[in-house]
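As a plain string of letters, each chain reads:
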Amino acid sequence: RKTRATETLLAARRTLPSSSSDQRLVFARSPPSYTPVRCLSRSRKYCENKTLKMSSSAMHALSTAAAVGPRGAPGLRARQQQFSSGSAVTASRSRAPAAASAVPVDLGVRAVAADKMAPAAKARADAAASLSPVGRGSGWEVHKFGGTCVGSSERISGSCDLLIESSKKGIKTFGVVSAMGVANKGEPKVTDCLINATEMASARNPAYADELVKLEEKHRTTATQLLTDAAEFMAYMDAFMNELQDLKSMLKAMAIAGTSTQAFADFVVGHGELWTARLCAATIRCKGFDAQWIDARDVLVVTDADDGSVDVDYERSNANLDKLFEDTGHGAAGHGRVLIATGFIARTPDGVPTTLRRNGSDYSATIFGAMLIADQISIWTDVDGVYSADPRTVKEAVCLKSLSYNEAWELSYFGANVLHPRTTLPAMRYSIPITLRNFFNQAAPGTSISDNCKVVAADSVGVNRESDMINYVKGLATIDDVCLINVEGTGMVGVPGTANAVFQTVKDAGCNVVMISQASSEHSICFAVRSHEAAGAVDALNKRFEKAIAAGRIKEVSVIKDCAILAAVGQNMCQTHGVCAKLFEALATATVNVVAISQGCSEYNITVVVRKKDITKALNAVHGRFYLSKTVLSVGIVGPGLVGQTLLRQMKEQLAELKTEYAVDLRVVAITGNARMLLTGDSDLAIDLEKWEGAYQDAPAADMEQFTQHVQDSGAPNQVIIDCSASEVVAGHYKDWLKRGINVVTPNKKSELGSTAILQGAA
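A brief structural summary. (Residues numbered from 1 in each chain as written. Predicted model: local features only at pLDDT ≥ 70, side-chain atom pairs only at ≥ 80, totals over all residues. Heavy atoms only, no water.)

Here's the deal with the packing of aromatic side chains
A complete count under the given rule lists eleven aromatic pairs for this structure. Ring geometry for F439 versus F440: centroids 5.2 Å apart, planes at 85°, classification edge-to-face. For F439, a relative accessible area of 8% translates into the label buried. Members of the aromatic cluster, joined through ring pairs, are W140, F174, F325 and F368. A cation over an aromatic ring shows up here: R544 above the ring of F545, its NZ or CZ 5.1 Å from the ring centre. (Phe/Tyr/Trp six-rings, centres within 6.5 Å; stacked < 30°, edge-to-face > 60°. Buried < 20%, exposed > 50% of the residue type's maximum accessible area, 1.4 Å probe, protein only. Lys NZ or Arg CZ within 6 Å of the ring centre and 35° of its normal.)

What follows is the structure, encoded as C-alpha cells:
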C-alpha cells in the first residue's frame, strides 16, 4: 500500500478539483523537519485515510525531480527509489479557505499557509507545484477582450499587441476573447447574426442564409487585413469555411423541421468566439510571436444551476486543462507563447456544446484565472472603470480606483456597469484581483476589484476635502421604475408563516422582489417589484389572502406606483457612525421624501425608495454630500442688466472662497433676459463666468419655461433663481418656481411678495 501511494504521489500530473469532497492536503505531523506537501493524486483511492512516510531526503528527491521537469524527464524515475521510511504524513479532509493567509486547495499544487513556511520549505513546495504541466500559481495573467475591443481588424491588432507586450515582460499571458462586435454603427455583430440566423431558420425564414453571408464577408475582410502570411490566411479561411458549411447544414435542418433546441442554438451561437480566438492567435503569429488558441469546449465542463445559470465542474475541467497542456506543451512554452481561449462557450458532462449564459465571456475569464491561479485578471471594455454614480445623470461622478468583491456585488445588483456577481466567484476563491480597464484609454488605471479594499486615504478620490470627511459611501446606483407593494393588517402580527405566504405567492406569480422592508411590529410587509410586474403580484396576493381580507385580518394589499430605488453602497459604512444621518440629511435638504427604507445587517448597502420624479435630484444630492461640497447650488439669473452683471462679477470673484472657506459650490447654470437665454451645455457643470457675456450675445431666444426646467434639471440638490429684473411679468413666475421646489431670491420691488397670497398659493 505504501509503495503504491508513493508512486501515485510522484506520477500524478493533475491537481485535485475544486468544490469536491475528495480534496486532501498532506502535511507534516512531526518532527518539524518534515515538509508540507500536497497529495497530487487525482483519485482519492490512495489518499483517503492512508499514511505516506516521507523523510527529508525523500522530500529533497521530490524537489530535485520537480526542478528537472514533468513526468518522463531524465532522472525522474531513477529518483523515485530515494524515498525512505520516516515520520508519518497524513491526509486531511479540511478545505483551505480563500484567504490571504491560506493557499488555495482545490486548483493549485501549493501547501497550506505558504506565507508562514520557512524559505527552504516554501521553495520545496513551489518545486512540487511545478509537477503540474499547467504551472498553476506561477505568474499567469489573464486578459479578457469584449466584443467592442475586437470589433475590427485595427482593434484585434491592438489587442494582440497588448498580449505580446505582456509576454515580452516575462509574464505568462492568457487571453480570453468574445465574438467580434462592431467598430461603427450599422456593421453586423457576429453574435447577433448567429442568433438571427437561428431564429429565422427555426421560423422557416430563408433569410437566415443572408446572415451567413454577412458573417463570411466580415471575417474574410478582417482576416485579409490581419493575416499577412499566406499560409496563415489559407489555414484560417479553410477552417472558417468548413465550420460555416456545417452551420448551413444545421440551419437547413432547423428550417426543414421548423424548430430548434437549446443545444442547437448554443452550438450555433458559440461559433463567434471560435472564429475570433483562432484569428487572434494567427494574427500574433503573423507578428512574429508564438501563439495558440484554445477551444474552451475542450476544457470547461458545466452543469445547469437552479437559477438558470451554470456551475463549473472543476474536477473535469482541471483534468482537461492538464491534459491539454501536457499534449500541446503549453506549460513548457511559458511566457514565450500567448494562449488565447474562447469565451462564453463550454460543454456539458455529456459532451454537448453549451454556453455560460449571461456575461459568459467575463465568466470564462475568471474561471480560467482561477484554474491557473493567476496573479491578475484584466477585463478590457470601453469604459474607464466603475463610476461612483451613473455619469449620464451625475456629471461629477468619478471613476473609482478600487472596490471590494462585496461592493461590486451590491452595485451590479442595481444595474451598475460592474461584473455580474457570479462572475467574481472564481476569482474571489483565490483572492485574485479583477481590474476593469478601458481598451481605448489604456492610460487610465481602471477599477480594481479585490478583497483587499480598505478605507481610502484623505487625499484619494472619494474624499470630501471641504469637510475633511472620508467617503464611506463608495458608489450609488438606482433602479428607476418600480412599484411598492404593501401588505398590511393587524392579523399579521405574531402569525408564523405570513411572510412565507406573501413571498411564495409573489414567486408563483413570476415576479422578482427587488427590495424588502418590514417593521418589527409585523403590522405590514412592504416590498418593491418592477412596475410591469406589479399588477400580477397584487392580483395574486388579493386572491391568496381573499379570506383574510374579508375577515379583516389583513386590511389591504396596496400599491404605490411611480417609485424608484436609490442604493448607497460601501463596505466601509459598516459600524461607522453618522453615514445614515448624512444620507438622509442630503435627501431632506433636497426636499426629497423617503417612502421606504431597507438595510441589511452587513451594512454594505443602504436602500431608500423615493418618488420616481425625485430620483435624479436624490441621486445628485447624496452624491454631492459624500463626494463634493456640503452645499451645491444651481443658480439661474434673470435680468443680466446692471444689477445682474454686478452680481455675476461678484460671484466670479468669490467662487473659490465660497468653495474652500464655506463648502459652497455655486454654479450658474442659466442666464436669461427679455430676448436671449444662455444655458449650460450637456457636458458643462456651469457657465464660464469669465466668458459669459460673449456667449450670451449669440444665445438663442428666451423661453421662461425652458429656463425654469433647465434650472430644475441641473441635478444639484439646491436650486435658486435670482430675479435681478424689475419686471412684474417675471414676478408672476414666483409661485410656479416655489411650487417646483426652487428657491427665489429677488431685489425686484414689483414682486408683490408683500402680499401673502402668492406665498399661500405656493404652499
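A short note on the pairing of strand β12 (residues 376-381)
Here β12 lies mainly inside the structure; five of its six residues are buried. Note that strand β4 (residues 140-145) and β12 share five bridges and pair parallel. Residue pairing across strands places V142 opposite I377, the latter belonging to β12. As judged from the five bridges shared by β12 and strand β14 (residues 434-438), these two strands associate in the parallel manner. Looking at β14, one finds that S378 is bridged to T435. (Helix = DSSP H or I, 4+ residues; strand = E, 2+ residues; numbered from the N terminus. Pairing = 2+ DSSP bridges.)

A few points about helix α9 (residues 262-269)
Where α9 is concerned, the buried positions are A265, D266, V268 and V269. The buried residues of α9 occupy an angular sector of 165° when projected down its axis, which confines them to one face. Where the residues of α9 are buried, they touch α6 (190-202), α8 (230-257), α10 (271-286) and β11 (353-355). (Arc of directions from axis to C-beta. Contact = heavy atoms within 4.5 Å.)

Let's talk about the packing of helix α5 (residues 153-168) against helix α7 (residues 208-226)
Between α5 and α7, whose axes approach to 9 Å, the crossing angle comes to 50°. Classified by the angle their axes make, α5 and α7 are oblique. Remark: the crossing between α5 and α7 carries right-handed chirality. Facing S153, I156 and S157 of α5, the residues of α7 in contact are T222, Q225 and L226. Of the residues that constitute the contact of α5 with α7, the class distribution is two nonpolar, four polar and no charged. (Axes fitted to C-alpha atoms, helices over the stretch in contact; angles between N-to-C directions. Parallel < 35°, antiparallel > 145°, perpendicular 65-115°, else oblique. Left-handed = near helix turned anticlockwise from the far one by under 90°. Nonpolar A, V, L, I, M, F, W, Y, C, P; charged D, E, K, R; others polar.)

So, the sheet that holds strand β24 (residues 631-638)
Spatially, β26-β25-β24-β27-β28 is the arrangement adopted by the five strands of the open sheet, whose pairing is mixed. The strands lining the two open edges of the sheet, one partner per strand, are β26 (677-679) and β28 (743-745). Within this sheet the neighbouring strands show an average axis-to-axis angle of 30°, counted without direction. Here strand β27 (residues 718-723) pairs with β28 via three bridges, running parallel. The partner of V720 across the bridge, within β28, is N743.

Considering unusual backbone geometry
Backbone geometry places S431, a non-glycine residue, at a positive phi of 55°. Checked against the element boundaries, S431 lands in the loop between α15 (421-429) and β14. With a phi close to 55°, D562 is a non-glycine residue in the positive phi region. Locating D562 in the fold gives a position in strand β21 (residues 556-569). Looking at D562, the relative accessible area reads 52%, which means it is exposed.

What about the sheet that holds β12?
As summarised here, the arrangement of the eight strands in space is β6-β9-β5-β4-β12-β14-β15-β13, forming an open sheet in which the pairing is mixed. The outermost strands of the open sheet, each flanked by one partner alone, are β6 (290-294) and β13 (402-404). Adjacent strand axes in the sheet meet at a mean angle of 20° when their direction is disregarded. Bridge count for strand β5 (residues 172-177) against strand β9 (residues 337-342) is four bridges, and the pairing is parallel.

Comments concerning the nonpolar core
In terms of nonpolar packing, the biggest core is built from 88 residues, with F174, I449, I565 and L566 touching the most fellow members. Sequence-distant contacts of F174, that is, excluding residues within four places in its chain, are made with W140, E141, V142, H143, I294, L339, A341, F368 and L372. Counting residues in hydrophobic clusters, the runner-up holds 46 residues, among them L162, L279, F289 and F439. (Core = buried A, V, L, I, M, F, W, Y, C linked by side-chain atoms within 4.5 Å.)

Examining the packing of helix α11 (residues 314-328) against helix α13 (residues 360-372)
Following both chains from N to C, one finds α11 and α13 inclined at 70°, their axes separated by 11 Å at the closest point. One way to sum up the angle between α11 and α13 is to call them roughly perpendicular. Of the residues in α13, those touching α11 at Y314, S317, N318, L321 and F325 are I367, M371 and L372.

Things to note about α11
Taking 1.5 Å of rise per residue, 15 residues should cover 21 Å, and α11 covers 21 Å from first to last C-alpha, within 8% of that figure. Two to three positions downstream of the cap, the backbone nitrogen of E315 sits 3.2 Å from a side-chain oxygen, assigning the N-cap of α11 to D313. Downstream of α11 by one or two residues, G329 has phi in the positive range, about 75°. (Expected span 1.5 Å × (residues − 1). Polar contact = N/O pair within 3.5 Å; in protein donor to acceptor, adjacent residues only side chain to side chain.)

Topic: the environment of L666
For L666, the position within the fold is in strand β25 (residues 664-672). On a C-alpha basis, the gap between L666 and Q654 in space is 9.6 Å, while along the polypeptide they are twelve residues apart. In contact with L666, other than residues within four places in its own chain, are L633, V635, M651, L655 and L658.

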